[in-house]
Amino acid sequence: MKKFLPTLLFLCAMFFLGRTIAAAVYDTKETSGNALSSENWGLGFGKEGEKPTGNAAAAELAKYDTYYIGQGEEKVIYLTFDCGFENGNTEPILDALKKHQAPATFFVVGHYLESAPELVKRMVEEGHTVGNHTYHHPDMSSLSDRASFEKEIGDVEALFQEITGQELSMYYRPPQGKYNLSNLQMAKELGYTTFFWSLAYVDWYQDDQPTHEEAFSKLLTRIHPGAIVLLHNTSKTNGEIIDELLTKWEEMGYTFRPLSDFVKEEAGGSA
């Protein structure tokens, strides 16, 4: 046994060293924001109330009219909702937004336009913005040809105009946050501003919805100045907490602004 003890100790030491190195690599991947090297949007969070870092630098993204967070330290929130389908939670969300006079941007897919045109009309009538989340919600980074990219975008524009009689706002969000530089450039050439997000939480699993406490623990502690918040309209939890959530954010000193203000003040100015 004594003969094998040094080998055993060596193997144990290497195991824990490997775990330490792996953890360090993971932490670096989560928090680095220096290059457009990823095809999946991700964030790294620091201390409570501090702005997160993206896995691509804001200055590099801005070259493609792409943004994920506002500049400066003013307590402003830009509310956005991704709308894949309707399951009864959009109405309470709209009710709460109306109560708080909070403008939002709803990124819709083709199915949502087809199945919930009256709610889309209500969004417009109540002063909200409707943006482009593609028609079929594909992995857009896998579309290499411009024609396919344009069709995913253009079909949403056409159906929205047919439903509302208005032109769709030129704001684009890649499904699942999957992108590449070619995507961002094509969106820019089509006249779109692309928006990722600086705050979100796991709210999209229909059969595994977070509790109210779990939702608040993420959305209250990670809120920050200039936050572009991503929530899903399909979330039962969001439908139940949205009124209280907006109230709590207001009590923390935050106000709500539309993405049009962001484009004017941030993208067109200091960003």
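Residues numbered from 1 in each chain as written. Predicted model: local features only at pLDDT ≥ 70, side-chain atom pairs only at ≥ 80, totals over all residues. Heavy atoms only, no water.

1. Regarding the confidence of the model for the protein
Residues at a pLDDT of 70 or more form 84% of the protein, whose mean pLDDT is 87. Every residue in residues 1-35 scores below 50 in pLDDT, and together they form 14 contacts with partners more than four places removed in sequence or on other chains. (pLDDT = per-residue confidence, 0-100. Contact = heavy atoms within 4.5 Å.)

2. Some remarks on helix H5 (residues 117-125)
When we look at burial in H5, the residues that qualify are Leu 119, Val 120, Arg 122, Met 123 and Val 124. Summarising the contacts, the buried residues of H5 are in contact with strand S4 (76-83), helix H3 (90-100), strand S5 (104-108), helix H4 (110-115), strand S6 (129-132) and helix H6 (146-164). (Buried < 20%, exposed > 50% of the residue type's maximum accessible area, 1.4 Å probe, protein only. Helix = DSSP H or I, 4+ residues; strand = E, 2+ residues; numbered from the N terminus.)

3. Observations concerning a negative patch on the surface
Where like charges cluster on the molecular surface, the negative patch consists of Asp 207, Asp 208, Glu 213 and Glu 214. Glu 214 sits in the partly exposed class, given a relative accessible area of 44%. (Patch = residues over 30% accessible without salt bridge, like charges linked within 9 Å, V, L, I, M, F, W, Y side chains within 5 Å. Areas by Shrake-Rupley, 256 points an atom, 1.4 Å probe, with all protein chains shown as cover. Salt bridge = Lys/Arg side-chain N within 4 Å of Asp/Glu carboxyl O. Lys, Arg positive; Asp, Glu negative; His and termini not counted. Charge placed at Lys NZ, Arg CZ, Asp CG, Glu CD.)

4. Thoughts on the nonpolar core
Ranked by size, the top nonpolar core spans 52 residues in total, and within it Leu 79, Phe 81, Leu 97, Phe 106 and Trp 249 carry the most contacts. Considering every element that reaches this core, the biggest residue donor is H6, with six residues. Residues within four places of Trp 249 in sequence aside, it is in contact with Ile 77, Leu 79, Leu 199, Leu 219, Leu 220, Ile 223, Val 229, Tyr 254 and Phe 256. Listed in part, the 22 residues of the second largest apolar core include Leu 43, Ala 62, Val 76 and Phe 196. (Core = buried A, V, L, I, M, F, W, Y, C linked by side-chain atoms within 4.5 Å.)

5. Describing the pattern of salt bridges
Going through the model one piece at a time under the given rule, you end up with 14 salt bridges. With a closest N to O distance of 2.6 Å, Glu 74 and Arg 257 form a salt bridge. Of the two residues, Glu 74 sits in the loop between strand S3 (66-67) and S4 while Arg 257 sits in the loop between strand S10 (255-256) and helix H10 (259-270), which places them 183 residues apart along the sequence. Residue Glu 74 is classed as partly exposed on the basis of its relative accessible area of 48%. Between Glu 240 and Lys 236 there is a salt bridge; the shortest N-O distance is 2.5 Å.

6. What to know about the side chain of Asp 203
Relative to the assigned elements, Asp 203 resides in the loop between strand S8 (193-195) and helix H8 (212-219). Here Asp 203 occupies a buried position and makes no salt bridge, while the nearest side chain of opposite charge, Arg 173, is found at 9.8 Å. Within the local environment of Asp 203, its side chain forms a polar contact with the side chain of His 232, the two groups lying 2.8 Å apart. At a separation of 2.8 Å, a polar atom in the side chain of Asp 203 contacts the side chain of Asn 238. Excluding anything up to four places from it in sequence, Asp 203 contacts Gln 209, Pro 210, Leu 231, His 232, Ser 235 and Asn 238. (Polar contact = N/O pair within 3.5 Å; in protein donor to acceptor, adjacent residues only side chain to side chain.)

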